[in-house]
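Working through the structure, step by step
Okay, here's what each chain looks like letter by letter:
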Amino acid sequence: AEPEYSSFVFTEVVNAADIARMATFNSSIFLGIGLMAIVALILVLRSVFPILFRDIAPQIGVIQTLGGSDRFAFRVWLWEFAIILLFAVPLGLLIAWVGINLSRPFIGIQGFVTLDPLLTLIAVGVLVGLILAELAIRFRRLRRRSSVGLSTDRKSERQQLSPWVFVASVVLLAVNRI
């Protein structure tokens, strides 16, 4: 070693309890943010889908009136949403990636931020799963109505007040306030 530092005593200082506490704290923050994002996503999907379905109900009514099956109508519907997702998902990922990298100087990140492909794939899979579940629920509701009623109805489906939406809103608010 260098002679000017010979009077110094070097010891390794590691406090495992502090490291474990900070890791738990950070992971709980990320878990809370993830929970808020999922609850917000579900609330947005539940409020946006009635607007999207305003045009789909008459399409299904016409398909059924012309002799098409429910299965054919559902496939047409899935293709419409697949095309929308084909454009929306890459655009959303690009906007998120650009936004994250433009905000780096403001939050003190020096390096370039990349999106992990596996985590991105998992997130897109969860989103598509939620959308497919909402589609199945909405389609089941539409199948109960007559084809003539569907083809002439142009009004949006009224969003029902659900206790689950209230509970989700309370959870979102509580997690946001922590």
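Residues numbered from 1 in each chain as written. Predicted model: local features only at pLDDT ≥ 70, side-chain atom pairs only at ≥ 80, totals over all residues. Heavy atoms only, no water.

**Details of helix H2 (residues 70-102)**
Between the first and last C-alpha of H2 there are 47 Å, a value that for 33 residues agrees with the 48 Å anticipated at 1.5 Å per step. Most pronounced at Leu 85, the bend in H2 amounts to some 25°. Elements in contact with the buried residues of H2: helix H1 (16-65), helix H3 (104-107) and helix H4 (117-143). (Helix = DSSP H or I, 4+ residues; strand = E, 2+ residues; numbered from the N terminus. Expected span 1.5 Å × (residues − 1). Bend = angle between axes of the 7 residues up to and from the residue. Contact = heavy atoms within 4.5 Å.)

**Here we look at the layout of surface pockets**
What the largest pocket holds in volume is close to 620 Å³. Residue lining of the largest pocket: 20 residues in total, with Leu 93, Leu 119, Thr 120, Ala 123 and Val 124 positioned closest to the centre. Among the elements of the structure, H1, H2 and H4 are those that each provide at least two residues to the lining of the largest pocket. A class-by-class count of the residues in the lining of the largest pocket yields 16 nonpolar, three polar and one charged. (1 Å grid on protein atoms, 1.4 Å probe; cavity = no way out; pocket = protein on both sides within 12 Å on 5 of 7 lines; lining within 4 Å. Points joined across faces, edges and corners; volume = space filled by probe spheres on them. Nonpolar A, V, L, I, M, F, W, Y, C, P; charged D, E, K, R; others polar.)

**As for the pattern of salt bridges**
In total, this model carries one salt bridge according to the counting rule given. The partner of Arg 21 in a salt bridge is Asp 18, and the shortest N-O contact between them spans 3.7 Å. With Arg 21 and Asp 18 both in helix H1, this residue pair falls three residues apart, about one helical turn. Looking at Arg 21, the relative accessible area reads 51%, which means it is exposed. Relative accessible area serves as the criterion here: at 33%, Asp 18 is assigned to the partly exposed category. (Salt bridge = Lys/Arg side-chain N within 4 Å of Asp/Glu carboxyl O. Buried < 20%, exposed > 50% of the residue type's maximum accessible area, 1.4 Å probe, protein only.)

**Focus on the nonpolar core**
Ranked by internal contacts, the top residues of the largest apolar core, which has 16 residues, are Phe 49, Phe 53, Ile 60, Trp 77, Phe 81 and Leu 135. For this core, the secondary-structure elements that each account for two or more residues are H1, H2 and H4. In terms of residue count, H1 provides more of this core than any other element does, seven residues in total. Residue contacts for Phe 53: discarding those within four places in its chain leaves Trp 77, Phe 81, Leu 135, Arg 138 and Leu 142. (Core = buried A, V, L, I, M, F, W, Y, C linked by side-chain atoms within 4.5 Å.)

**Some remarks on the packing of H2 against H4**
Orientation of H2 relative to H4, taken along the N-to-C sense of each, is 150°, at an axis distance of 11 Å. Accordingly, the angle class assigned to the pair H2 and H4 is roughly antiparallel. Remark: the crossing between H2 and H4 carries right-handed chirality. Counted together, Asp 70, Ala 73, Phe 74, Trp 77, Leu 78, Phe 81, Leu 85, Val 89 and Leu 93 of H2 and Thr 120, Val 124, Val 128, Ile 131, Leu 132, Leu 135, Arg 138, Phe 139, Leu 142 and Arg 143 of H4 form the full contact between these two elements. (Axes fitted to C-alpha atoms, helices over the stretch in contact; angles between N-to-C directions. Parallel < 35°, antiparallel > 145°, perpendicular 65-115°, else oblique. Left-handed = near helix turned anticlockwise from the far one by under 90°.)

**Considerations on the packing of H1 against H2**
At their nearest, the axes of H1 and H2 sit 10 Å apart, and the two run at 140° to each other. Judged by the twist between their axes, the crossing of H1 over H2 is right-handed. Side by side, H1 and H2 meet where Phe 49, Leu 52, Phe 53, Ile 56, Gln 59, Ile 60, Ile 63 and Gln 64 of the first sit next to Asp 70, Phe 72, Ala 73, Val 76, Trp 77, Glu 80 and Phe 81 of the second. Its residues assigned to classes, the contact of H1 with H2 shows 11 nonpolar, two polar and two charged.

**A few points about the environment of Gly 61**
Examined against the element boundaries, Gly 61 turns out to sit in helix H1. Between the alpha carbons of Gly 61 and Leu 142 there is a distance of 9.1 Å; along the sequence they are 81 residues apart.

**A look at the side chain of Asn 101**
As for its placement among the helices and strands, Asn 101 is situated in helix H2. Among the residues examined, Asn 101 registers a relative accessible area of 10% and is labelled buried. Among the polar contacts made by the side chain of Asn 101, one reaches the main-chain amide nitrogen of Val 113 at a distance of 2.9 Å. Sequence-distant contacts of Asn 101, that is, excluding residues within four places in its chain, are made with Phe 112 and Val 113. (Polar contact = N/O pair within 3.5 Å; in protein donor to acceptor, adjacent residues only side chain to side chain.)

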